[in-house]
Amino acid sequence: MTHRNGAGATEHVDVLIVGAGLSGIGAAAHLQDRLPGKSFALLEAREASGGTWDLFRYPGIRSDSDMHTLGYRFRPWTAAKAIADGPSILDYIRDTARERGIDRHIRYQHKVERADWSSADARWTVHVRRLDTDETFELSCHFLFICGGYYDYDQPYLPDFLGIERFIGTFFHAQQWPEDLDYEGKRVVVIGSGATAMTIVPALADKAEHVTMLQRSPTYVISLPAEDPIANFLRRHLPERTAYAITRWKNVLLQALTYRLSRRRPEFVKRAIRKGIQRELPRDYDIDTHFKPRYNPWDQRLCLVPDADLFKALRRGNASIATDTLETFTEHGIKLSSGEELEADIVVAATGLNLLALGGVDLAVDGDEVEIPQKMAYKAIMLSGVPNMAFTVGYTNASWTLKADLTAEYVCRLLRHMDEHGYRQAVPELNDPNVHEGPFLDFSAGYVLRALDKFPKQGSKAPWRLRQNYARDIKTLRHEPIEDGTMVFSNPSPAAQTHDADAVSVPAA
Ligand SMILES: Cc1cc2nc3c(=O)[nH]c(=O)nc-3n(C[C@H](O)[C@H](O)[C@H](O)COP(=O)(O)OP(=O)(O)OC[C@H]3O[C@@H](n4cnc5c(N)ncnc54)[C@H](O)[C@@H]3O)c2cc1C
């Protein structure tokens, strides 16, 4: 059933935020701070806020970035551990929402399915399904801000495993961890070599009989202390906000330097990573087989392990790595291409995510369906030809929140600019014939390559180029003029209709 509000009127908000995860709650906080007069609502498909940090429940769930950059710019992370566990991150996100009253604006079990832009009305009509009642309804907004994350919540990535139906043990995906799983004294195999597998293996190793990480190919792994002594020292001696800002910048610069060094001097970085691993493992450990990837550092995300927990489990012998290909499941485990068999009571697929663009929301502009892969991303936050809509996608080479904060700041600047000039519509238009298109993400991880055809393109130059560079984005998103000749403003509101033209595009100053 589709119902409108009350006596037939559709409810309207200035800004509709899709998703109440880290980004959506951060977006609402920026909006409150910068544009307190704007009405807003957050529609959240799940029964709870927190997104990723509520969905993933596997033992040991933690960040693999430091919380001084994964935390919001506006709210210091004050716990001693810089690499934090999932429940602490969830508390941090929810406390932010509670302290600012954002939680009162969240409507749970409201899934946004579709949004239609009307230039005549300068508003989106948003089609929502209530997942508790299966009722559908519409509301409208002036600006649509999609903070729906980057992956499919319902369908994790699960390859077709040969013989899986024969396996009599317990099998599931890490994204769907069974609440009551008892792994004490059990033989566990974790399939995967990403951050999730690296987290689960040491977390299970103490209680399980043995945990084997089965990987097709190795990943770069770096151990860092879970507590950052500099951050903790600064916090003891400086005001909270000052200490946080300094640590945040220290970490931003360190991340940027490591990334740049990896791109320019990959052999040097490879040697340094290897030395770090050699220090943690017995002399005769086969590092070449298990920890020497075929690609260069930062072609894919580096894996960070806090306090060498993975290496400690390997050293103690309660965990091991098998670098091999899964040939088939058997009744009691997994047969590998080498002929070896891994016996298992439990097999966990830590095989990754299925990426999903824009929270799966279908968009149309003045009746024309928006084909996302045919669009180009403007500053990596809006789409060519799509008015009054922004989305948040974080960095692949640094903490997500660095970009999420900047995205929200930019949206607030854009909205303020529109208010000041009486514009009701802002749309990035691809008007430069010298811009060539390329894939949205320049990252060779399997989960990215599998999904590139669902994402918009990026362009060969600004403002269409996605640089994955926080310092550069500060300049572009926080400081550069909003009117840049690409963003086309139009549809002045009745109060501002002193202009002759209906569309105004002002070249950058
Ligand atoms: C296991 C794991 C560990 C990670 N660790 C790190 C890390 O250490 N550092 C880092 O930088 N990044 C990490 N990431 C990336 C992580 O997802 C981001 O850091 C961040 O949590 C993303 O926040 P978000 O709010 O943008 O998206 P999400 O956390 O995915 O939240 C999106 C929310 O939007 C809702 N939603 C989606 N579509 C709709 C719709 N159509 N209608 C209504 N609601 C919708 C979802 O239900 C969800 O609640 C990790 C990701 C995973 C999966």
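Refer to the preceding data block for the structure.
Residues numbered from 1 in each chain as written. Predicted model: local features only at pLDDT ≥ 70, side-chain atom pairs only at ≥ 80, totals over all residues. Heavy atoms only, no water.

Student: Even after reading the chapter, I still don't get the sheet that holds strand β13 (residues 319-323), so can you show me in this structure?
Tutor: The strands that make up a sheet pair up through hydrogen bonds in the backbone, lying either parallel or antiparallel. Within the open sheet, the five strands sit side by side as β8-β17-β9-β10-β13. Their pairing is parallel. Each edge of the sheet is formed by a strand with only one pairing partner; in this case those strands are β8 (170-173) and β13. When the angles between neighbouring strand axes are averaged without regard to direction, this sheet yields 20°. Here strand β9 (residues 187-191) pairs with strand β17 (residues 346-349) via four bridges, running parallel. (Pairing = 2+ DSSP bridges. Helix = DSSP H or I, 4+ residues; strand = E, 2+ residues; numbered from the N terminus. Axes fitted to C-alpha atoms, helices over the stretch in contact; angles between N-to-C directions.)

Student: How should I be thinking about the pattern of salt bridges in this particular structure?
Tutor: When charged atoms on two side chains of opposite charge get close, those side chains can pair. All told, the structure shown has 27 salt bridges when counted by the stated rule. The salt bridge involving Asp54 is made with Arg57; its shortest N-O contact spans 2.8 Å. For Asp54, a relative accessible area of 7% gives the class buried. Its salt-bridge partner being Asp228, residue Lys250 comes within 2.8 Å of it at the nearest N-O pair. With Lys250 in helix α7 (residues 240-264) and Asp228 in the loop between β11 (221-224) and α6 (229-237), this pair connects stretches of sequence that are 22 residues apart. Under the relative-accessibility criterion, Lys250 is labelled partly exposed at 21%. Taken together, the shared-partner salt bridges connect Arg46, Asp54, Arg57 and Arg94 into one network. (Salt bridge = Lys/Arg side-chain N within 4 Å of Asp/Glu carboxyl O. Buried < 20%, exposed > 50% of the residue type's maximum accessible area, 1.4 Å probe, protein only.)

Student: Just to check I follow, could you spell out the nonpolar core for this structure?
Tutor: Within soluble globular proteins, side chains that are nonpolar tend to cluster in buried spots. If you look at the biggest cluster of nonpolar residues, it comprises 142 residues, and the most contacted ones within it are Trp124 and Leu144. Top element by residues in this core is helix α11 (residues 400-421). It accounts for eleven residues. When near neighbours in sequence (up to four residues on either side) are disregarded, Leu144 contacts Leu16, Val18, Ala115, Trp124, Val126, Leu363, Asn388, Met389 and Ala390. (Core = buried A, V, L, I, M, F, W, Y, C linked by side-chain atoms within 4.5 Å. Contact = heavy atoms within 4.5 Å.)

Student: What exactly am I supposed to notice about the site of the ligand here?
Tutor: In the vicinity of the ligand lie 32 residues, with Ser23, Glu44, Asp64, Ser65 and Tyr153 positioned nearest. Between Tyr153 and the ligand, the recorded distance is 2.6 Å, taken from a side-chain N or O atom to an oxygen atom. Between the ligand and Gly359, the relevant distance is 3.0 Å, taken from a nitrogen atom to a main-chain nitrogen or oxygen of the residue. Protein burial of the ligand: of its 970 Å² of free accessible surface, 94% is covered by the chains. Listed by contribution, the elements that provide at least two residues to the shell around the ligand are α1 (22-34), α2 (52-55) and β5 (110-118). Considering every element that reaches the shell around the ligand, the biggest residue donor is β5, with three residues. (Near = heavy atom within 4 Å. Polar contact = N/O pair within 3.5 Å; in protein donor to acceptor, adjacent residues only side chain to side chain. Areas by Shrake-Rupley, 256 points an atom, 1.4 Å probe, with all protein chains shown as cover.)

Interpretation in functional terms is not warranted from these geometric data alone.
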